[in-house]
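Residue-level listing of the chains:
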Amino acid sequence: MTLNVQNRRKQQRHKLTDAVTICSDGISQVIDISSGGMSFRCRCEQCLSKRWEIDIVDSTTGVHLQEFPVEKVWESVEDKKDYAPIFSTMVGVKFKSLSHEQLSALHQLIYR
């Protein structure tokens, strides 16, 4: 019996269509987010370390979450195709040691 990826997650993921992450390595497109972490697409040239801080900006709501500590859990580079997508690498991260203020702001973004 195989388990669906969604069934293995500790928190439910929520799609964000108009959100980006910003860090010293550049801007990335958010795929989905939960209270425990998120996934996003970025350029393969970006060198993402094991841990860093990101800002999350949602253009729909105007929410700007600042200096969220994250740790990379997985990374996947898309196969080369006839066209070159801008964001060709998918990355999954978990949030690390969020303050009460950061957790509250994250919940406002997720449960808007």
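Residues numbered from 1 in each chain as written. Predicted model: local features only at pLDDT ≥ 70, side-chain atom pairs only at ≥ 80, totals over all residues. Heavy atoms only, no water.

### Regarding the side chain of Glu-71
Item 1. Mapping Glu-71 onto the fold places it in strand S6 (residues 64–77).
Item 2. You can call Glu-71 buried: its relative accessible area is 10%.
Item 3. A polar contact is formed between the side chain of Glu-71 and the side chain of Lys-96, at a distance of 3.5 Å.
Item 4. Apart from residues lying up to four places away in sequence, Glu-71 is in contact with Lys-50, Arg-51, Gly-92, Val-93, Lys-94 and Lys-96. (Helix = DSSP H or I, 4+ residues; strand = E, 2+ residues; numbered from the N terminus. Buried < 20%, exposed > 50% of the residue type's maximum accessible area, 1.4 Å probe, protein only. Polar contact = N/O pair within 3.5 Å; in protein donor to acceptor, adjacent residues only side chain to side chain. Contact = heavy atoms within 4.5 Å.)

### Some details on the environment of Ile-110
Item 1. Along the chain, Ile-110 turns up in helix H2 (residues 100–110).
Item 2. Sequence spacing of Ile-110 and Asp-32 is 78 residues, and the spatial spacing of their C-alpha atoms is 9.6 Å.
Item 3. If we skip the residues at most four places from it in the chain, Ile-110 touches His-14, Ile-33, Ser-34 and Ser-35.

### Some remarks on unusual backbone geometry
Item 1. Of note in the backbone geometry, Glu-67 takes a positive phi value of approximately 55° without being a glycine.
Item 2. Relative to the assigned elements, Glu-67 resides in strand S6.

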